[in-house]
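# A look at the structure
So the chains spell out like this:
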Amino acid sequence: MQKFKPCDDRVLVRKEKSKEEVTSGGLYVPQTHEKPVDFGVVVSVGPGRVLTSGEFLAREYTEGDVVVFQKGVDLPLEVGEETLFLVEGHNVLGVMHGE
């Protein structure tokens, strides 16, 4: 199986449909308006990045976290037989906690 390790502050995610988009029976419910964000489970993360000041900026999420990121900033990437998405760290808006 292929593996992919992002560089710098990039994160590789598996996109998730939000709970209101798919019913418990698996039926797709179309949204009346588009949301400005996407959600995804972190599959792999880069080490972080060095700022222009020389300070190291560590990542704020780890593998398995559910992150929220800006819609349209992800780059699709085929890893094995799965399409995953590469997102730059500054486009990650936050980490979801709880239910």
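Just above sits the structure.
In this report, the structure presented in the accompanying data block is examined. (Residues numbered from 1 in each chain as written. Predicted model: local features only at pLDDT ≥ 70, side-chain atom pairs only at ≥ 80, totals over all residues. Heavy atoms only, no water.)

## Some details on the overall build of the protein
Along the protein, the regular secondary structure elements total 0 helices and 8 strands. When the elements of the protein are put in sequence order from the N terminus, they spell out β-β-β-β-β-β-β-β. Considering only contacts in the protein between residues 6 or more positions apart, those separated by 24 or more positions represent 67%. Counting every atom, the protein has about 6,900 Å² of accessible surface; 54% of that belongs to carbon and sulfur. (Helix = DSSP H or I, 4+ residues; strand = E, 2+ residues; numbered from the N terminus. Contact = heavy atoms within 4.5 Å. Areas by Shrake-Rupley, 256 points an atom, 1.4 Å probe, with all protein chains shown as cover.)

## Some words on the side chain of Asp-74
Examined against the element boundaries, Asp-74 turns out to sit in the loop between strand 5 (66–70) and strand 6 (75–79). Classification of Asp-74 as buried rests on a relative accessible area of 15%. A distance of 2.6 Å separates a polar atom in the side chain of Asp-74 from a polar atom in the side chain of Lys-15. Excluding residues that lie within four positions of it along the chain, Asp-74 makes contacts with Lys-15, Asp-38, Phe-69, Phe-85, Leu-86 and Val-87. (Buried < 20%, exposed > 50% of the residue type's maximum accessible area, 1.4 Å probe, protein only. Polar contact = N/O pair within 3.5 Å; in protein donor to acceptor, adjacent residues only side chain to side chain.)

## Focus on the environment of Val-43
Position of Val-43 relative to the elements: it lies in strand 2 (residues 37–45). Separated by 39 residues in sequence, Val-43 and Phe-4 have C-alpha atoms that sit 9.2 Å apart.

## Things to note about the sheet that holds strand 5
Adjacent strands of a sheet form backbone hydrogen bonds with each other and so pair up, either parallel or antiparallel. Read across the sheet, 6 strands follow the order 6-7-1-2-5-8 without closing on themselves; strand pairing throughout is antiparallel. Only two strands of the sheet have a single neighbouring strand rather than two, namely strand 6 and strand 8 (92–96). Along the sheet, successive strands turn relative to each other by an average axial angle of 45°, direction set aside. The pairing of strand 2 with strand 5 spans 5 bridges and is antiparallel. Looking at the pairing, Val-41 lines up with Val-66 of strand 5. (Pairing = 2+ DSSP bridges. Axes fitted to C-alpha atoms, helices over the stretch in contact; angles between N-to-C directions.)

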